[in-house]
Amino acid sequence: MKTAYFDCFAGISGDMIAGAFIDAGLDFNFLEKTLAGLELTGYELSYEKKLKNGISGTSFIVNVKKDQPHRRLRDITELIMSSSLNEKVKNDAISIFSILGKAEAHIHVKSIEEIHFHEVGAVDSIIDICSAALAFHSLEIENVISSPVNTGKGYVKCAHGMLPVPAPATAEILKGIPVFATDTAAELTTPTGAAIISHFAGSFAPLPEIKIEKIGYGAGSRDLDIPNLLRI
């Protein structure tokens, strides 16, 4: 059985997941070509190697070139369903967005239909979520296990102003999942990262007895006191 173990010692985000899979061998050209089936415009994809505290990882970059609209879950669902992506990839991506929508609706005391996704409705988050779903299926991963998740601490600036870390939506999604925080004052786990791992992970536990075949490091955008990396 092919298992992916997510070592979230510095948290988890959508771009770090995509970067880690590319670092582990997911073909970037295949990813870029397949994601073009979403018919989104105004962005470019790239990746580059970065050193984080002396460890090499891959940074997945979505360069958005023009303003993008805030989207409701219905808009995102229609966008994904009308794409040329594999049906399993579509279903996983929509399920992940549903997790995000339910969390936001709960926090803001609104119906899920009323929620504007703000940050996660942007092109980069749609790309991150679809990239993760595509990676799991194209690499034929059968089982996903995750370590406890480092949330970070402090405050984060978002569309609603300054919020505590973990952001309320992130905390809502992480219910029932083992989490921890170190002294690093930063948002280490994003709502998108939390939603992706909560959807795919069958269990959360220390590294089990496995035979390691490949290792990928996904690099975050900031330089921190700890290596800002997701290890798969």
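Anyway, here's the lowdown on the structure attached to this text. (Residues numbered from 1 in each chain as written. Predicted model: local features only at pLDDT ≥ 70, side-chain atom pairs only at ≥ 80, totals over all residues. Heavy atoms only, no water.)

In spatial order, the strands read β1-β4-β9; together these three strands make up an open sheet with parallel pairing. What marks the edges here is a single partner per strand, and that holds for β1 (3-6) and β9 (203-204). The pairing of strand β4 (residues 143-146) with β9 spans two bridges and is classified as parallel. Residue pairing for β9: I145 is matched across the bridge by S203. (Pairing = 2+ DSSP bridges. Helix = DSSP H or I, 4+ residues; strand = E, 2+ residues; numbered from the N terminus.)

Attention shifts here to the layout of surface pockets. In this model, the second largest pocket occupies a volume close to 630 Å³. Considering the residues around the second largest pocket, the lining is formed by 22 residues, among which T3, A4, E213, K214 and I232 are closest to the centre. Take the lining of the second largest pocket: its biggest share by element is three residues, from β1. Partitioned by chemical class, the residues of the lining of the second largest pocket number 13 nonpolar, three polar and six charged. (1 Å grid on protein atoms, 1.4 Å probe; cavity = no way out; pocket = protein on both sides within 12 Å on 5 of 7 lines; lining within 4 Å. Points joined across faces, edges and corners; volume = space filled by probe spheres on them. Nonpolar A, V, L, I, M, F, W, Y, C, P; charged D, E, K, R; others polar.)

Taking burial as the measure, the 10 residues of helix α7 (residues 191-200) include eight buried ones, the bulk of the element. Turning to α7, its buried residues number three or more, namely P191, T192, G193, A194, A195, I196, I197 and F200. (Buried < 20%, exposed > 50% of the residue type's maximum accessible area, 1.4 Å probe, protein only.)

Right, let's get into the nonpolar core. Judged by nonpolar contacts, the single largest core of 57 residues is most densely connected at F6, F21, L38, F60, I127 and L230. Ranked by residues supplied to this core, first place goes to helix α5 (residues 123-138) with 10 residues. Those residues in contact with F21 that sit more than four places away from it in its chain are F6, L26, A135, F136, L139, I141 and I232. With five residues, the next largest nonpolar core counts A10, A186, L224 and I226 among its residues. (Core = buried A, V, L, I, M, F, W, Y, C linked by side-chain atoms within 4.5 Å. Contact = heavy atoms within 4.5 Å.)

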